[in-house]
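Summary of structural features
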Amino acid sequence: MFPARSKIRFAAERASVWPVAVAALFLMVAHAPAQRVYWQQPIDALAKGQTGQLTLVFENSSPKGGVPNIPATDGLSQVGGMSRAEETAWINGVVTRKIRLTYSVRATRDGAVTVPAFSVDTDGGPMTVPALQIQIGAGGAVDLKRIIIGVLRPTKAKVWQGEVFNVEFFLLRHANSTIEITGRSDVDWQPEGVTVENWSQPSDVSPNVDGQPFVGYRWSARCVANRSGALSLPGATIKVRYLAGYRRFGIFTTPFNQDEDIQSDPITIEVQPLPSPEPPTFSGAVGLFKMDSRVVPQSVSEGYPITWTLALSGTGNWNSGIALPARDVSTDFQVPPSKARLDQHENVVFDGTLTEDVVLIPTRPGSYALGPVRWSYFNPTAGRYETIATEPVTVTVAASAKSAQPASPTQPAVAPNPPTAPPPVAPSEPPPPPVPAFDPSPTLPRGALLGTASALKPIGPTAVWLCLVPAIALIFFWLSLSHQRSLLTDGLAWRRRAKTRALEAISGLRLSPDAAMRRAALTRWMQASAHFCGLPSAAPQREQFLAALRRERGTDPATIDAWERLWHDAENALFAPDGNLPADWPSRAEAALLARRLPRTSPLRLFLPRNLWPTAAIALFLLHGAHSRADDAMDAYQSGDFARAETLFAQRVAKAPTDWRARNNLALSLAQQGRWSEAAAHWTSSRVLNPRDQTIAWNLGIALQKAGLASPEDTAASKFTPHLANFLDAARREEGMDEARQPSPEPAHRELVAIAHPPAAMRIVAALSPAQWQWLVVLAALLGATGFAVVLLAQHRPRFRPYGQPALAAPVLAALITVAAALAHAHYGILADRRAAIVGTTSSLRSIPTDLEQQEAKPLPAGTIAAMEKEFLGWRLLRLGNGETGWARSECLVPVYDAPPPKRDSAAPAK
């Protein structure tokens, strides 16, 4: 077996920028299936005189010209016939087709036997089958541990006690081996003296181990050493399922798999103790932290409460019980007991935010200084202790008309008790989930959605006209732009401009005293008049001008004679030695121009596609402009940086809360990090915004099961009711229980299951979102009113009587739409309210907006649907479906139609 501590070398990835066409061609070539023919290494051992099987694999090719024979081999003889098996696999969009030819052979001697290389004729041309070496007799079994190995290594050989460091585990298969890994379990590593976070999602790697090429997967996990000294940690174990071979049944062959435990070698880590001496304010925290202090309000009256919030956030050994420092306050304040709250994402151990809200009730007027608060930690990157100090805040307390009871003069200085962090829990492998008796649902979510797609929010009856005004304004704006475009694209526009230039030339003849200027104006008149009559010549002749004038429809002989005299007088004035214009020529020329009229531009021209399309192109460009901003988020997701993808997609959702595509992609980023309950909340919001997209329904169904909000039977009851009924009947018969004693599955969150997979009776009304149904009701009201108006006209005006009876269909249709909308509103429930929210992470519902324990509280499980009514200092007043109200933290909620509240920064380093 290759040494576990061997040096693993990865090929460096080089980034390059290619044109779009070249990149597309590269992707096509990369996904083109490769063709090859090779021997599959036999798994079973062969001994002299024993019969075994050799398998020849044609990958993305097929034999041509008959079945190839095994070359003559010293030590092997072919017995019996040959069996053929075909299989097709679809992996990451690439189709791989394999044809397996299995030959029966008998070993005739001991030792190494080599099947020589030979050429076969395939549909892709001649190909060479590489040689195959088989060991007969002792040691004939394939050493699987030389082909599939596990490597465990820390990223740092020397760490500080309490420092967060990474450990990597590699599951590698020799690149030249034909053994295929068909399945794998989770990494199992339970070291003593080290706290380990959950392993990340695996990524593909191609390292070299001792100069040999390997391919496989890489996992990483963050750890913290709880004691100093040299730690010898056991190796990690992973169960691998591989294709062991094929069994032959007559002319048929079937594949069979085997399981193997792959274990890495142990590792040793040197843990350095923290240096001495320690600062007085050091409490054992190691990592990168920052501390924020906030006092609200800073000016109050006597007896009114002040909230002093201290928040400690960062990355470090939170498992060791990090506590906030004590705060000294004056005895003039009454301080109720408080408790710190540690906020951490699901399955995250070493990132968190520790927050404590201390309520101060002043009993005397005056000016008081709160802080500074100092807290020390060890920075493992710099290798030294660092101290954080908050800025002091001055609070002014004014006297009130009714003073509160003063505090006892013997009251000591009150400091909130530091929170007691839970003791670190040794990581243990969770018990395997029970296999459901009926599981029709998929287990992998579909990919991210490109682009943006905003949906409508629910509207109230008083806001309908506000929503209609922008649409009407947009239509008029579009039509005005199209009208301007129609003027620009008018084929007679250049002739109208020529008429204007001709009139300007006539005015120049009247006002110019100089003969040269009059001749220039007369030349401009001739050119403009020719253009006005449809002759585009730069130097028109009289015959050409008159011919163009005669071709004009509706031109009478008198008009032609008048223009001919005008043109004759103009030529005499220009070319005769002593030619002058008649005195009445300008008046006759102006009258002739004004008498001729070109057809007016039709208002319907603005509806031509060539006039409407530029405006539509601009609108599409503006709508498409937001897509490019999603490239960074999509690139981060596809590269496996799910934390960065979550941040970028969350920014998109904050800017466009009704963008259901962004909600789906944000949920995918959360699901890839194992935060299924938050992902289910965002997928529910996306499903409500666009209930017709099947990708959202697919992903939501998976998230509800992964988050424990619905069982596979619940999903089956919604999607495949007859099959579930058969399953339940069979289960009752097997248990020997009657119908009354065997209850049907009851989903814990039936409303979420109904949103993911609406029952058959509700699929029609669930095809539209709540906002779309509300708009449809508005349109139905307009339709019904129009129908009634036609009916009334038919009763009062005889000419409208033929339309009276057909118009009655409009109110009937409006009533049916209203009934369907009422059913849809009952289906969505609170989700039809624009204040609707879903609990993303398990929290508590409290009677007052504070963390004080002296109050009524109840658990608020993830997946609960409620309506948000009020907001107070990071708390929201919720109204549940049963009418119950209470306060909950804003960061645990996912609003359906509004932007989610910003998450607390739980991993920011200290500055």
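What counts and what doesn't
Residues numbered from 1 in each chain as written. Predicted model: local features only at pLDDT ≥ 70, side-chain atom pairs only at ≥ 80, totals over all residues. Heavy atoms only, no water. Helix = DSSP H or I, 4+ residues; strand = E, 2+ residues; numbered from the N terminus. Contact = heavy atoms within 4.5 Å. Areas by Shrake-Rupley, 256 points an atom, 1.4 Å probe, with all protein chains shown as cover. Core = buried A, V, L, I, M, F, W, Y, C linked by side-chain atoms within 4.5 Å. Buried < 20%, exposed > 50% of the residue type's maximum accessible area, 1.4 Å probe, protein only. 1 Å grid on protein atoms, 1.4 Å probe; cavity = no way out; pocket = protein on both sides within 12 Å on 5 of 7 lines; lining within 4 Å. Points joined across faces, edges and corners; volume = space filled by probe spheres on them. Nonpolar A, V, L, I, M, F, W, Y, C, P; charged D, E, K, R; others polar. Pairing = 2+ DSSP bridges. Axes fitted to C-alpha atoms, helices over the stretch in contact; angles between N-to-C directions. Parallel < 35°, antiparallel > 145°, perpendicular 65-115°, else oblique. Left-handed = near helix turned anticlockwise from the far one by under 90°. Patch = residues over 30% accessible without salt bridge, like charges linked within 9 Å, V, L, I, M, F, W, Y side chains within 5 Å. Salt bridge = Lys/Arg side-chain N within 4 Å of Asp/Glu carboxyl O. pLDDT = per-residue confidence, 0-100. Phe/Tyr/Trp six-rings, centres within 6.5 Å; stacked < 30°, edge-to-face > 60°. Lys NZ or Arg CZ within 6 Å of the ring centre and 35° of its normal. Polar contact = N/O pair within 3.5 Å; in protein donor to acceptor, adjacent residues only side chain to side chain. Expected span 1.5 Å × (residues − 1).

1. Structural notes on the overall build of the chain
- Broken down by element type, the chain carries 19 helices and 38 strands.
- For the chain, the proportion of contacts with a sequence separation of at least 24, taken over those separated by at least 6, is 71%.
- Element-wise, carbon and sulfur atoms account for 57% of the exposed surface of the chain, whose accessible area totals about 48700 Å².

2. Overview of the nonpolar core
- Of all hydrophobic cores here, the largest spans 47 residues; its most connected members are Phe649, Trp683, Val688, Leu704, Tyr828, Leu831 and Val896.
- Those elements that place two or more of their residues in this core are α9 (631–638), α10 (642–655), α11 (660–672), α12 (676–689), α13 (694–706), α16 (750–756), β32 (836–839) and β35 (865–872).
- Leave out the neighbours within four places in its chain, and Leu831 touches Thr684, Val688, Ile755, Pro770, Ala836, Ile838, Ile865, Val896 and Tyr897.

3. Some remarks on empty space enclosed by the protein
- Across all of its chains, the model carries one cavity of 30 Å³ or more by this definition.
- Of the voids in this model, the largest cavity is the one considered here, and its volume is about 40 Å³.
- Arg687, Pro691, Ile755, Pro758, Ala766, His827 and Tyr828 are the residues that line the largest cavity.
- Its residues assigned to classes, the lining of the largest cavity comprises five nonpolar, one polar and one charged.

4. Things to note about the sheet that holds strand β28 (residues 366–370)
- With respect to topology, three strands assemble into an open sheet ordered β23-β31-β28, the strand pairing being mixed. What marks the edges here is a single partner per strand, and that holds for β23 (299–301) and β28. The mean inter-strand angle of the sheet, taken between neighbouring strand axes irrespective of direction, is 25 degrees.
- The pairing of β23 with strand β31 (residues 393–398) spans three bridges and is classified as parallel. Each bridged residue has a counterpart across the sheet, and for Ser299 the counterpart in β31 is Thr396.

5. Things to note about the packing of α12 against α13
- The geometry of α12 relative to α13 is characterised by a closest axis approach of 9 Å and an angle of 150 degrees between their N-to-C directions. On the basis of the axis angle, α12 is roughly antiparallel to α13. Along this stretch, α12 crosses α13, giving a crossing that reads as left-handed. Contacts between α12 and α13 involve Trp676, Ala680, Trp683, Thr684, Ser686 and Arg687 from the first element and Ile696, Ala697, Asn699, Leu700, Ile702, Ala703, Leu704 and Lys706 from the second.
- Looking at the contact of α12 with α13, its residues break down into nine nonpolar, three polar and two charged.

6. What to know about a nonpolar patch on the surface
- Residues Leu783, Val812, Leu813 and Leu816 make up a contiguous nonpolar surface patch of about 350 Å² in total accessible area.
- It is helix α19 (residues 809–828) that contributes the most residues to the nonpolar patch, three residues altogether.
- If you trace the backbone, Leu816 turns up in helix α19.
- When its relative accessible area of 56% is taken as the criterion, Leu816 is described as exposed.

7. With respect to the confidence of the model for the chain
- A residue-level look at the chain finds 72% of positions with pLDDT of 70 or above and a mean pLDDT of 75.
- Counted against residues more than four places away or in other chains, residues 9–31, with its pLDDT under 50, gives eleven contacts.

8. Here's the deal with the packing of aromatic side chains
- Scanning the entire structure with this criterion turns up 16 aromatic pairs.
- Here Trp189 and Trp199 contribute two aromatic rings whose centre-to-centre distance is 6.1 Å and whose plane-to-plane angle is 55 degrees, an arrangement assigned as tilted. Placement of Trp189 in the loop between β13 (181–184) and β14 (194–196) and of Trp199 in the loop between β14 and β15 (203–205) is noted, with a sequence separation of ten residues between them. The residues Trp189 and Trp199 share a single accessibility class, namely buried.
- Through a chain of ring-to-ring contacts, the aromatic side chains of Trp160, Phe282, Phe378 and Tyr385 assemble into a single cluster.
- It is Arg184 that lies over the ring of Tyr217; its NZ or CZ is 4.2 Å from the centre.
- The ring of Trp308 carries the charged tip of Arg327 above its face, separated from the ring centre by 5.2 Å.

9. Describing the environment of Ser293
- Looking at where Ser293 falls in the secondary structure, it is placed in strand β22 (residues 282–296).
- Residues Ser293 and Leu312, spaced 19 residues apart in sequence, show a C-alpha to C-alpha distance of 9.0 Å.
- Apart from the residues within four sequence positions on either side, Ser293 is in contact with Trp308, Thr309, Leu310 and Thr390.
- At 2.9 Å, the side chain of Ser293 and the side chain of Trp308 are in polar contact.

10. Overview of helix α4 (residues 515–532)
- Helix length check: α4 (18 residues) gives 25 Å between terminal C-alpha atoms against 26 Å at 1.5 Å per residue, within 8%.
- Looking at α4, one finds that the buried residues are Ala521, Leu522, Trp525, Met526, Ala528, Ser529, Ala530, His531 and Phe532.
- At the exit of α4 stands Gly534, carrying a positive phi of roughly 90 degrees.

11. Here's the deal with the sheet that holds strand β21 (residues 267–272)
- Spatially, three strands are ordered β11-β21-β18 in an open sheet, and the strand pairing comes out mixed. Among the strands making up the open sheet, the edge pair consists of β11 (158–160) and β18 (229–233). Looking at each pair of strands side by side, their axes are set apart by 35 degrees on average, direction ignored.
- Judged from the five bridges that link them, β18 and β21 form a sheet pairing that is antiparallel. Note that in β21 the partner of Leu233 across the bridge is Ile267.

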